[in-house]
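As a plain string of letters, each chain reads:
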Amino acid sequence: EVALKKESLNLTTVTQQKDNLERDLKRARDELILLRQENATLAHQNQELSTRQRLMNEELVKADAQMGLIKDLLLRERDVL
């Protein structure tokens, strides 16, 4: 009878540990899902920022070229006068 009680306690302990592990596993899986969603969102935002940065750099190159043309025109105009 004592052995049966010990076996019952061991079974209860193992069952509780199993339940705790299953709960922890579910939490970890839920967190993984959230982290994957966050990662996807951040990757999308990063892609958008990279595109904006590239477009801004292209516009800066164009603006620099336009300023160079304006400078050349002003210098030529000054030389003509």
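Heads up: the structure comes first, above all this text.
In this text the structure is predicted, and so the values were computed from the model without any measurement. (Residues numbered from 1 in each chain as written. Predicted model: local features only at pLDDT ≥ 70, side-chain atom pairs only at ≥ 80, totals over all residues. Heavy atoms only, no water.)

*Asks:* I tried to follow the overall build of the protein chain on my own but got confused; where do I start?
*Replies:* Helix and strand counts for the protein chain come out as one helix and zero strands. For a compact globule of 81 residues, the expected C-alpha radius of gyration is about 12 Å, and the protein chain comes in at 35 Å, more than 25% above that figure. For the protein chain, the spread of C-alpha atoms along the principal axes amounts to about 120 × 15 × 5 Å. One way to put it: in the protein chain the 14 positive side-chain charges average out to a point 4 Å from where the 15 negative ones average out. (Helix = DSSP H or I, 4+ residues; strand = E, 2+ residues; numbered from the N terminus. Rg over C-alpha atoms; globule rule 2.2 N^0.38 Å. Lys, Arg positive; Asp, Glu negative; His and termini not counted. Charge placed at Lys NZ, Arg CZ, Asp CG, Glu CD.)

*Asks:* What is the right way to read the pattern of salt bridges from this model?
*Replies:* Pairing is possible between side chains that carry opposite charge, provided their charged atoms lie close to one another. With the rule as written, the count across this model stands at five salt bridges. Measuring nitrogen to oxygen at the nearest pair gives 3.8 Å for the salt bridge that ties Asp 24 to Arg 23. Residue Glu 58 pairs with Arg 54 through a salt bridge whose shortest N-O separation is 3.0 Å. Placement of the pair is Glu 58 and Arg 54 together in helix H1 (residues 2-80), with a separation of four residues, close to one helical turn. Taking the relative accessible area as the measure of exposure, Arg 54 reaches 44% and is therefore partly exposed. (Salt bridge = Lys/Arg side-chain N within 4 Å of Asp/Glu carboxyl O. Buried < 20%, exposed > 50% of the residue type's maximum accessible area, 1.4 Å probe, protein only.)

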